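Structural description and commentary
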Amino acid sequence: MALDFDSARLPNPNLTSDHEAWRTQLRRFVDAEIVPFAEEWDEAGHIPIELWPKAADVGLLGMGYPEEYGGIMDGIDSWHSWIVNEELARVGVGGVAASLMVHGIGLPPVINWGTEQMKAEVAPPVLAGIRHIALGITEPGGGSDVAQLQTIALRDGDEYVVNGSKTFITGGMRANWVSTAVRTGGPGAGGVSMLLIPTHLDGFSRTQLDRKQGWWASDTATLYFDNVRVPAANLIGVENRGFNVIMTNFNSERMGMASAMEALGRVCLEEAVVWARDRNTFGKRLADHQVIRHKIAQMKQRLNATQAYIRACYEAVEAGTANPGDIALLKVQASETMEFCAREAMQVLGGMGYMRGNRVERIYREVRVNAIGGGSEEIMRDLATRQYGL
Amino acid sequence: MKVLVAVKRVADANVKVRAKADGTDVDLNNVKMAINPFCEIAVEEAVRLKESGVAEEVVAVSIGDKSCQEQIRTSLALGADRGIQVETDANLQPLAIAKLLKAVIDRESPDLIILGKQSIDSDNNQTGQMLAALAGLAQGTFASEVVLEDGHARVTREVDGGLQTLNLKLPAVVTTDLRLNEPRYASLPNIMKAKKKPMDVLTPEELGVDVASKLTMVKVEPPAERSAGIIVESVEQLVDKLKNEAKVIS
């Protein structure tokens, strides 16, 4: 079948037999440890905590992080990451991937900008899957306008006193630490710092954001800081230079989201094709109706374009020439493709697709979190035009 | 003690294979290939013997063109220590494989040889038995449990009537059944480390084995497609059809 998840992937000469070996083993892991339970976890609204150590054992959590903290970096490149995003997307439960891999946005600020002591304390247990870290940027008063964030950290002796709130924080309910954007200086981007806030401190509290449209399995939270006293040594990077940390982080997050979105679109294609071949209407297969054939072709066309764009961006990342504007627009390309594929697949599946318990239905309601989270489509276009010097 | 495992490259178990249009063989063009599942169980068993301190070295052998090195690498990622590829483009039958493995055994002198009971592509279920006969070694096929002690292997076999336990003098040949173990996943760090493990390449000529096949494949054709069923109106009609059309009851 030339339109299943694997055959609908364009050839990529960057992939070696090592990459394929990783895909094979990761898929075995995902098919045994995640796929059979994913729907149940989604309905239940959480993932069993035992999944993290298992994911650590197979190398999923440590990929791309230094060996000294239990990670693996030697020989690891962007293509390994693409495979992870694809294989986790294949499950068709976005909340599982988002929550399981949320250290992918929470930990890099610590690894790239944190002190040696901070890295040694935080990275090993997070990469072993026994402790958890999240990223806290968005606030109830504003998300996209990062430079205007209002959570205040006032220096008091050897401590910062933090007051404010963060919301839509993926992995926030179980996090032991939150890499948090706080205001330590004046207004605007120049007053923002990153602070590693342990969640056991007095004055920290959180509530689960349930009844979301998608990502049900993710323990997304609102966090509250009420005079939380954080050691000054927990500052990540330089005071008032946090904006740069945040922006650097966004590029890899967006690459990850874009490659996952394309794969989710491909799942929709796969499901639509299986159904169109099987289902008979008006005396012939759905797949023999021109109107359905065109839907399939349009899905594949957009997926092809998105895959080629992802590959171009990952090649630039590998070459050290990545353009944040291109990555921002890739994210838009991917969310529009995912949205299109989810819509068209749902039309092909008809009433069956509308019922809970299938991948297309789940992906359909996970379109918006992808089109908004990690930088909304509107912000991405604006960022790109600024990057391009318009 | 040294354990030698044989691994075969086959079409992935999840792939739906097709016959070539001209009926000469199965079409493996662009088909995802993998280690034969029974061979994977063999590797897992050998690695567990090593982890439990019973074995010191696990050697993985595969026979075929260069691409079978991928399956050797997978075995190394799962925990084997080194690999041997016997490189040949020939279309090999079980007897030739058994002769080549016998030649490898003569060079390596392993204490235990573990193979899959059969491969999921050709389903011959012959290589292990032939190897044991050629090498003059004891054999325990369809193993669901293997315990090594005092120079012997106690092998529990899955036979038609239940379980049979044999006590084999080492060195011996064991072939794996499905329930022997559940193979682990190779972790990403182990996949990367496997690249650095040694792999020797030998040829049938070096081993002095003639691999010419005595068998000719006549034809490969797909199974007949199942035609649509019907819904019967009544039990009487069902019984009538079973009796007179299908002739399965009388």
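The number of helices and strands found in chain B is seven helices and 13 strands. Counting all 250 residues of chain B, 44% fall into the buried class. For chain B, restricting intrachain contacts to residue pairs at least 6 apart in sequence, the fraction spanning at least 24 positions comes to 69%. Accessible area for chain B stands at about 13500 Å²; split by element, carbon and sulfur atoms hold 50% of it. Positive and negative side-chain charges of chain B, numbering 31 and 37 respectively, have mean locations separated by a distance of 2 Å.

Further remarks concern the packing of aromatic side chains. All names here are of chain A. Enumeration according to the criterion identifies six aromatic pairs over all chains in this entry. Ring geometry for Trp 82 and Tyr 314: centres 5.8 Å apart, planes at 40 degrees, overall tilted. One end of the pair, Trp 82, is in helix H4 (residues 78-89); the other, Tyr 314, is in helix H10 (residues 290-319), and 232 residues separate them in sequence. Assessed through its relative accessible area of 5%, Tyr 314 is described here as buried. Taken together through their ring pairs, the aromatic side chains of Trp 79, Trp 82 and Tyr 314 make up a single cluster.

Counting buried positions along strand S4 (residues 177-183) of chain A yields seven of seven residues, so the element is predominantly enclosed. With burial as the criterion, each face of S4 of chain A is covered, one bearing Trp 177, Ser 179, Ala 181 and Arg 183 of chain A and the other bearing Val 178, Thr 180 and Val 182 of chain A.

Here the focus is the sheet that holds strand S13 (residues 199-202) of chain B. All names here are of chain B. Taking strand neighbours across the sheet as the criterion, the nine strands line up as S11-S10-S9-S12-S8-S1-S6-S7-S13 in an open arrangement whose pairing is mixed. Pairing within the sheet leaves two strands with one partner each, and these edge strands are strand S11 (162-169) and S13. Across the sheet, the mean angle from the axis of one strand to that of its neighbour is 30 degrees, orientation sign disregarded. Relative to strand S7 (residues 82-87), strand S6 (residues 57-64) runs parallel, the two sharing six bridges. Of the residues in S7, the one forming a bridge with Gly 64 is Glu 87.

This part covers the pattern of salt bridges. Counted by the stated rule, this structure contains 47 salt bridges over all chains. Arg 174 of chain A is the partner of Asp 219 of chain A in a salt bridge, and the nearest nitrogen-oxygen pair spans 3.0 Å. Residue Asp 219 of chain A is found in the loop between strand S6 (204-208) and strand S7 (221-231), and its partner Arg 174 of chain A is found in the loop between strand S3 (159-169) and S4; the two are separated by 45 residues along the sequence. When sorted by exposure, Asp 219 of chain A lands in the same class as Arg 174 of chain A, which is buried. Its salt-bridge partner being Lys 2 of chain B, residue Glu 108 of chain B comes within 2.6 Å of it at the nearest N-O pair. Here Glu 108 of chain B, found in helix H3 (residues 94-108), pairs with Lys 2 of chain B, found in strand S1 (residues 2-6); they are 106 residues apart in sequence, far enough to count as distant. Beyond isolated ion pairs, a larger network of salt bridges with shared partners links Asp 6, Arg 9, Glu 20, Arg 23, Arg 27, Glu 86, Glu 87, Glu 262 and Arg 266 of chain A.

Here we come to the packing of helix H9 (residues 242-278) of chain A against helix H11 (residues 324-349) of chain A. Residues and elements named next belong to chain A. Where H9 meets H11, the axes come as close as 8 Å, and the angle between the chain directions of the two elements is 20 degrees. Classified by the angle between their axes, H9 and H11 sit roughly parallel to one another. Regarding H9 and H11, the two cross each other, and that crossing is left-handed. Taken together, the residues of the contact of H9 with H11 sort by class into 19 nonpolar, three polar and three charged.

Below, the discussion takes up the side chain of Asp 42 of chain A. All names here are of chain A. Tracing the backbone through its elements, the reader meets Asp 42 in helix H2 (residues 35-44). Classification of Asp 42 as buried rests on a relative accessible area of 1%. Looking at Asp 42, its side chain comes within polar contact range of the side chain of Arg 365, at 3.4 Å.

Contact with chain B, which involves 17 residues of that partner, is made by 20 residues of chain A. Taken together, the two surfaces of chain B and chain A that pack against each other cover about 1500 Å², and 60% of this comes from carbon and sulfur. When residues of chain B are sorted by the area they lose upon contact with chain A, Tyr 185, Leu 188 and Met 192 of chain B head the list and together hold 44% of the total. Inspection of the chain B/chain A interface yields three salt bridges. One salt bridge connects Arg 28 of chain A with Glu 40 of chain B, and the closest N-O pair in it is separated by 3.2 Å. Our enumeration of links across chain B and chain A arrives at nine residue pairs in polar contact (both at pLDDT 80 or more).

With that settled, the discussion passes to the domain arrangement of chain A. All names here are of chain A. For chain A, the domain assignment lists domain 1 (17-127), domain 2 (133-240) and domain 3 (244-387). With centres defined by C-alpha atoms, the gap from domain 1 to domain 2 works out at 23 Å. Counting residues at the interface gives 29 residues for domain 1 and 21 residues for domain 2. Together domain 1 and domain 2 conceal approximately 1800 Å² of surface at their shared face, both sides included; 71% is due to carbon and sulfur atoms.

All right, on to a nonpolar patch on the surface then. Among the surface-exposed residues, Val 235, Leu 238, Val 239, Leu 242, Val 248 and Ile 249 of chain B lie close enough to one another that they form a single nonpolar patch of about 470 Å² accessible area. Within the secondary structure, Leu 238 of chain B is located in helix H7 (residues 235-244).

All names here are of chain B. Of all the five residues making up strand S8 (residues 112-116), five are buried; the element is thus mostly covered by neighbouring parts of the structure. Neither face of S8 is left uncovered, since the one carrying Leu 112, Ile 114 and Gly 116 and the one carrying Ile 113 and Leu 115 both have all their residues buried. As paired elements, S1 and S8 share three bridges and run parallel to each other. Looking across to S8, one finds that Leu 4 is bridged to Ile 113. Strand direction decides the pairing type here: S8 and strand S12 (residues 172-176), joined by five bridges, are parallel. In the strand pairing of S12, Gly 116 is matched with Thr 176.

This brings us to the side chain of Asn 358 of chain A. Residue and element names in this part refer to chain A. Take Asn 358: it is sitting in the loop between helix H12 (351-354) and helix H13 (359-364). Among the polar contacts listed, one links the side chain of Asn 358 to the backbone oxygen of Gly 353, at a separation of 3.1 Å. When neighbours within four sequence positions are excluded, Asn 358 is seen to be in contact with Leu 349, Met 352 and Gly 353.

Criteria and cut-off values
- Residues numbered from 1 in each chain as written.
- Chains lettered and ligands numbered in written order.
- Predicted model: local features only at pLDDT ≥ 70, side-chain atom pairs only at ≥ 80, totals over all residues.
- Heavy atoms only, no water.
- Helix = DSSP H or I, 4+ residues; strand = E, 2+ residues; numbered from the N terminus.
- Buried < 20%, exposed > 50% of the residue type's maximum accessible area, 1.4 Å probe, protein only.
- Contact = heavy atoms within 4.5 Å.
- Areas by Shrake-Rupley, 256 points an atom, 1.4 Å probe, with all protein chains shown as cover.
- Lys, Arg positive; Asp, Glu negative; His and termini not counted.
- Charge placed at Lys NZ, Arg CZ, Asp CG, Glu CD.
- Phe/Tyr/Trp six-rings, centres within 6.5 Å; stacked < 30°, edge-to-face > 60°.
- Pairing = 2+ DSSP bridges.
- Axes fitted to C-alpha atoms, helices over the stretch in contact; angles between N-to-C directions.
- Salt bridge = Lys/Arg side-chain N within 4 Å of Asp/Glu carboxyl O.
- Parallel < 35°, antiparallel > 145°, perpendicular 65-115°, else oblique.
- Left-handed = near helix turned anticlockwise from the far one by under 90°.
- Nonpolar A, V, L, I, M, F, W, Y, C, P; charged D, E, K, R; others polar.
- Polar contact = N/O pair within 3.5 Å; in protein donor to acceptor, adjacent residues only side chain to side chain.
- Buried area = accessible area lost by both parts, 1.4 Å probe.
- Domains from an automatic or database assignment.
- Patch = residues over 30% accessible without salt bridge, like charges linked within 9 Å, V, L, I, M, F, W, Y side chains within 5 Å.

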